Number of protein chains: 2
Amino acid sequence: MEFIQQYAPVILGVCALIFAYYLIRKVSKADPGTERMKEISTYIHEGARAFLIAEYRILVFFVAILFLLIGLGIGWVTAVCFLVGAVLSTLAGYIGMNIATKANVRTAAAAKDKGMNAALSIAFSGGAVMGMCVVGFGLAGAAVIYLITGSADALSGFSLGASSIALFARVGGGIYTMAADVGADLVGEVEAGIPEDDPRNPAVIADNVGDNGGDVAGMGADLFESYVGSLISAVTLGVVGYQVKGAFFPLLIAALGILAGIIGCFFVKGDENSNPHKALKMGSYVASALVVAGTVGLSFAFFGNIKAAIAIVCGLVVGLIIGSVTEIYTSADYRFVKKIAQQSETGPATTVISGIAVGMQSTAVPIILIAVGIIGAYLSFGLYGIALAAVGMLSTTGITVAVDAYGPIADNAGGIAEMSSLPKSVRKITDKLDAVGNTTAAMGKGFAIGSAALTALALFVSYAQAVKLFDSGINVLDYKVIVGLFIGGMLPFLFSSMTMDSVSKAAYKMIEEVRHQFRTIPGLLEGTAKPDYKKCVAISTQAALREMLLPGIMSVLSPVLIGILLGPAALGGLLAGALVTGVMLAIFMSNSGGAWDNAKKYVEDGHHGGKGSETHKAAVVGDTVGDPFKDTSGPSINILIKLMTVVSLVFAPLFVAIGGLIK
Amino acid sequence: MEFIQQYAPVILGVCALIFAYYLIRKVSKADPGTERMKEISTYIHEGARAFLIAEYRILVFFVAILFLLIGLGIGWVTAVCFLVGAVLSTLAGYIGMNIATKANVRTAAAAKDKGMNAALSIAFSGGAVMGMCVVGFGLAGAAVIYLITGSADALSGFSLGASSIALFARVGGGIYTMAADVGADLVGEVEAGIPEDDPRNPAVIADNVGDNGGDVAGMGADLFESYVGSLISAVTLGVVGYQVKGAFFPLLIAALGILAGIIGCFFVKGDENSNPHKALKMGSYVASALVVAGTVGLSFAFFGNIKAAIAIVCGLVVGLIIGSVTEIYTSADYRFVKKIAQQSETGPATTVISGIAVGMQSTAVPIILIAVGIIGAYLSFGLYGIALAAVGMLSTTGITVAVDAYGPIADNAGGIAEMSSLPKSVRKITDKLDAVGNTTAAMGKGFAIGSAALTALALFVSYAQAVKLFDSGINVLDYKVIVGLFIGGMLPFLFSSMTMDSVSKAAYKMIEEVRHQFRTIPGLLEGTAKPDYKKCVAISTQAALREMLLPGIMSVLSPVLIGILLGPAALGGLLAGALVTGVMLAIFMSNSGGAWDNAKKYVEDGHHGGKGSETHKAAVVGDTVGDPFKDTSGPSINILIKLMTVVSLVFAPLFVAIGGLIK
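Residues numbered from 1 in each chain as written. Chains lettered and ligands numbered in written order. Predicted model: local features only at pLDDT ≥ 70, side-chain atom pairs only at ≥ 80, totals over all residues. Heavy atoms only, no water.

S.K.: Give me the lowdown on the overall build of chain A, citing residues and values where you can.
M.R.: Summing up its helical and strand segments, chain A has 19 helices and 0 strands in all. Its C-alpha radius of gyration of 23 Å places chain A within 12% of the 26 Å reference for a compact globule of 663 residues. The principal-axis extent of the C-alpha atoms belonging to chain A is close to 70 × 50 × 45 Å. Counting only residues that meet the buried cut, chain A has 69% of its 663 residues in that class. Total accessible area on chain A is roughly 20100 Å²; 63% of this is exposed by carbon and sulfur atoms. For chain A, the distance from the average site of its 43 positive side-chain charges to the average site of its 45 negative ones is 4 Å. (Helix = DSSP H or I, 4+ residues; strand = E, 2+ residues; numbered from the N terminus. Rg over C-alpha atoms; globule rule 2.2 N^0.38 Å. Buried < 20%, exposed > 50% of the residue type's maximum accessible area, 1.4 Å probe, protein only. Areas by Shrake-Rupley, 256 points an atom, 1.4 Å probe, with all protein chains shown as cover. Lys, Arg positive; Asp, Glu negative; His and termini not counted. Charge placed at Lys NZ, Arg CZ, Asp CG, Glu CD.)

S.K.: Quick rundown of the nonpolar core? Include the residues and the values.
M.R.: Within the largest apolar cluster, 525 residues are counted, with the highest numbers of intra-cluster contacts made by Phe249 and Ile374 of chain A together with Phe249 and Ile374 of chain B. Those residues within four positions of Phe249 of chain A in sequence are excluded, and the remaining contacts are Leu298, Ser299, Phe302, Phe303, Ala308, Ile312, Tyr384 and Leu388 of chain A. (Core = buried A, V, L, I, M, F, W, Y, C linked by side-chain atoms within 4.5 Å. Contact = heavy atoms within 4.5 Å.)

S.K.: Give a detailed account of the confidence of the model for chain A, specifying residues and quantitative values.
M.R.: Chain-level statistics for chain A give a pLDDT mean of 90 and a share of 100% at 70 or above. For this predicted complex, the interface confidence comes out at an ipTM of 0.94, alongside a pTM of 0.95. (pLDDT = per-residue confidence, 0-100.)

S.K.: Please set out the relation of the copies chain B and chain A residue by residue, giving values where relevant.
M.R.: Note on the copies: chain B fits chain A at an RMSD of 0.1 Å, the axial shift is 0.0 Å, and the rotation between them is 180°. Such a combination of turn and shift is consistent with a two-fold rotation axis. Ranked by how close their C-alpha atoms come to the rotation axis, the residues of chain B are headed by Asn475 of chain B, at 2.3 Å. A share of 100% of interface residues in chain B that are also interface residues in chain A marks the association as one of identical surfaces. (Least-squares fit on C-alpha atoms with pLDDT ≥ 70 in both.)

S.K.: Outline the interface of chain B and chain A, supporting the account with residue identities and numerical values.
M.R.: Each side of the interface is counted separately: chain B has 62 residues, and chain A has 63 residues. For the pair chain B and chain A, the summed buried area comes to about 5900 Å², and 85% of that belongs to carbon and sulfur atoms. Among the residues chain B hides against chain A, the three largest losses belong to Leu477, Phe486 and Phe493 of chain B. Together they make up 14% of the total. Where chain B touches chain A, the interface holds 2 salt bridges. (Buried area = accessible area lost by both parts, 1.4 Å probe. Salt bridge = Lys/Arg side-chain N within 4 Å of Asp/Glu carboxyl O.)

S.K.: How would you sum up the environment of Leu545 of chain B? Please name residues and give values.
M.R.: Residue and element names in this part refer to chain B. You can see Leu545 is positioned in helix α15 (residues 533-566). Between the C-alpha atoms of Leu545 and Ala169, which are 376 residues apart in sequence, the distance is 9.9 Å. Every residue in contact with Leu545, bar those within four places of it in the chain, is listed here: Phe51, Ala54, Glu55 and Ile58.

S.K.: I'd like a rundown of the packing of aromatic side chains, residues and numbers included.
M.R.: One pass over the full model with this rule turns up 42 aromatic pairs over all chains. Here Tyr242 of chain A and Phe303 of chain A contribute two aromatic rings whose centre-to-centre distance is 5.5 Å and whose plane-to-plane angle is 75°, an arrangement assigned as edge-to-face. Of this pair, Tyr242 of chain A sits in helix α6 (residues 204-265) while Phe303 of chain A sits in helix α7 (residues 276-303); the two residues are 61 residues apart in sequence, bridging distant segments of the chain. Here Tyr378 of chain A and Tyr479 of chain B contribute two aromatic rings whose centre-to-centre distance is 4.0 Å and whose plane-to-plane angle is 15°, an arrangement assigned as stacked. Note that Tyr378 of chain A is positioned in helix α11 (residues 364-394) and Tyr479 of chain B in helix α14 (residues 479-520), a pairing that runs across two chains. Among the residues examined, Tyr378 of chain A registers a relative accessible area of 27% and is labelled partly exposed. (Phe/Tyr/Trp six-rings, centres within 6.5 Å; stacked < 30°, edge-to-face > 60°.)

Encoded structure:
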């Protein structure tokens, strides 16, 4: 029993990596299609690699500085664990993005030669590599570190490593993808009048790279952070209340989740006529059901009752429902998106207003769900229960990331089919896969926010414990906590403003470059000359890396500054404030963006005048406003709230020692 | 000494009302101009009256229900005081709006016959009536109730009365003005191509009525609520720590503020060549300086040291600076607005994105100022100091409201000059007065938010005391507080979504009606027939009243519901959460809206292509999105956060008795 308890997490983590390797082989062996397809795929693949390598060059400095600060300020064990977290997160991102840029062309080829089902299988397998790397590296890393060091500090170091990489992956990826997207759309489609994904567009490769950078690597890093964060919080809180048992229980739940996820993957099977969405959903449901069943058993084995299982199921169910609720607000099948499309008839201003109203309204149900989840988890198992709920929500991370990362692969496959002039029937299959990908992406975003909220909350409780405020509490009537609450509440707004500005600046540079190429390369628009794709890739890369520095530094420095100046209680207020406004802003911005996107597509499908009408123009404005909302600022806030909490957790001993310079 | 302490507040309150009466006489005696001017003025005057009377008809029911609930649940003394607060707030709004709709035409007439200085004097006097009514009724009412009952409960009842009216005035006024504005602009200017304020436009009167309803009555009610709320909080906290002395001190500060405000009014004097903005600023500065001087004296007299004065000055100074900071983000003299104008060159999407980024960024400085103010106030006088800071910030409410209400009067005067075809020289004067009004309006909005934040915070502390959580604290680690925090943080988003939807619906109806009149009234566009102004006024009125009900009920019910279900601690969390996100959203929305407005004007002044260019069209989209931001949703949040806190304060005994149904 003890052997299982100790080593099962490591073993299952490794299993996930082995399964990932199996999937990599499967994808790699698949046919990459025609020469033209291979050529385009190589462009995307190389562009993605170039971005990652450039990003890592900057990350090395950032990580080195933090490594030294942690080593000198807190201890070298924590610093080394920080390094391990950073390396594993990087590795997961690299492998996932690498295989995604191979799976895209093979999905297109499978659609061409073998039909929908084979294409779905390749695309999903590509996504599942990212999913399995996230849970594999996450769980094995956390479990090994805990086995070796047995220290909560070391674990928070590991978590901070994951968080730092996540910040850059999310923010950098978000800026990258938006700059490329806006550049490609605005100059290519609107000004030059060439279709989407047209190979004559110089920014088209950067756009496809961006989909991988933002949606595969960014989402993966985000959930890697949540996954590790929730585990670390549950371990640290569990060990306080229930000794070793309390520490290993969440790790075993995660191990169970990996097993369930792998099994779930085999249930993702469509046939030629069914909706691929059903197949993907089936995989998630099977995995969730297995986790629920296993959790009940583990709960009895560990604690002799079902209470821990209730807490975990609370999180799991809330996560599933939040995903579905997100769909209601962002899918054209429901009234909200239809209303935005209708409001577009009176021009872009009403499109924007109604989209903002929908996004703001969409905060209500997820928040009430989270609140109910917190109540349920707490009543069954106290504050430890809240951390367990986060672990429960994230137990199916493997398959959730797989379903989510499937989206950009299908999207890319469509782009490659278009650029390689494949027959319409192929494009029809990839379009169907892509449409499903849009829905799963919206659901994934909802899940990412919900899990970020719960993880940040769990980490917040761990923080309170680390700064020894667990018993005295963090009192909102304490003026320092009030001040922290206000400043913390402001930070997500400032952060969003920064990331939106960054997108504007980066997009501006891309627009200039695309215009320049159209002007100066003879025969480009006629299709007789090739654009300079690499230049656009380089512009997006450089802009993303330069622009992510300021928000990155702000996220790390502001908690440290407040912790040193005003002390641990004020910092607690700051974290609570940032958590509350951050979650709201993230939901609002992601859902507004998703709703605008689908409202535009709904109009393009022939409603309210269809493509080219004034209504369509208004809907395009909404979509363009929504792009940085949903792909840059909104998702980046997830990272912000977790990262600030983890930074506070790691530097907690320092804040306790100083106690606040302003008494 | 004791006599002064007890009766000075009442006496000064009455003095303010006498001064208001003097100003009413002054305005009424002024020449109302030509027959045509009188005719138009009568339309506006009657429209405003019609709106108020219709509003009061609904309010009677709302107030009656709350009166019974308070009487049965808490006690009849509190219920009667609630009634008094509601009546006084209504009275202040009615008198202020009544005289504003008289001052507008007389300002135009003065501009025609006597020049800038005389026009400024009439417009400012009209605004000062509202200002003096707010402080006069507010202080006299609070002081008399405290003298008679000596009860904190009775005072919170009074405050709730003021708040309920404020809700309807702000939300209803905001919806009214936006429906009329959008209807007038979109159909009149854009579709029919007739100029702004053209008498052929059926919605033009409703538009002018709306300016009074939203900006005079709405702003007045908002600051009446803050004024009364800050006093009540300071009295209740003061009496706990310093007995009677602590209760009378803030009342005397308010009395001092009234005196200073009246004196300040006499310093608002321009000459023909100077900038009217300088004259208005001079009045505020004189009043502030007098308050500072007097406060130091009172602080020594009451507490033997300068500490109380420091707390008060903290609030006063923060209020002044927030106003100026608002100007930086929303005036075309600074880089933010210029950047939005420049971004409009690439279309409406970039206009919207950059405006949102500016608004979000603009939260940072005011929040840091508020944080510094809180730290200063607390370190000098504890939690009571925070309430004193709120009183200090609001001590100059009389002249602040006067300067603010001056804006719509000048705006109306310009409209009347246009509709009466007065010479261009007259319009030039009113334009200059109006431009200053736009700046003072933006500053006033900043001040209103800052004071709402500080007042809500002070009331929150009073609430904690009332529910006996003052000593045990409101612990953010308590799961109920966490749940409250999340739900509270969500409410301002939901509320804003509701108010924006309301504007859309109301504007849609107005657009239909204006189009209908243009179509069906022969000779209307040629100027040979008159439009049916009353129909448009009725549509705005009905839409405003119907649409304000749901957000109104939500504001009152949600704290009661959470208080009963989850108990006082959870409700504390809810209030803190709503306060934090509410303040951010209010600043963000108000400043984004103000910045878009001025970016449009900046383009119209001939920059980036000027009027009629594509850039201008994009800027107009920004302005249209910004209208409900800055005139409906943003300012309404001020009311929401204060009202929810006051409701909680009034029903505190109930929550303590029940203690939360979910244990």
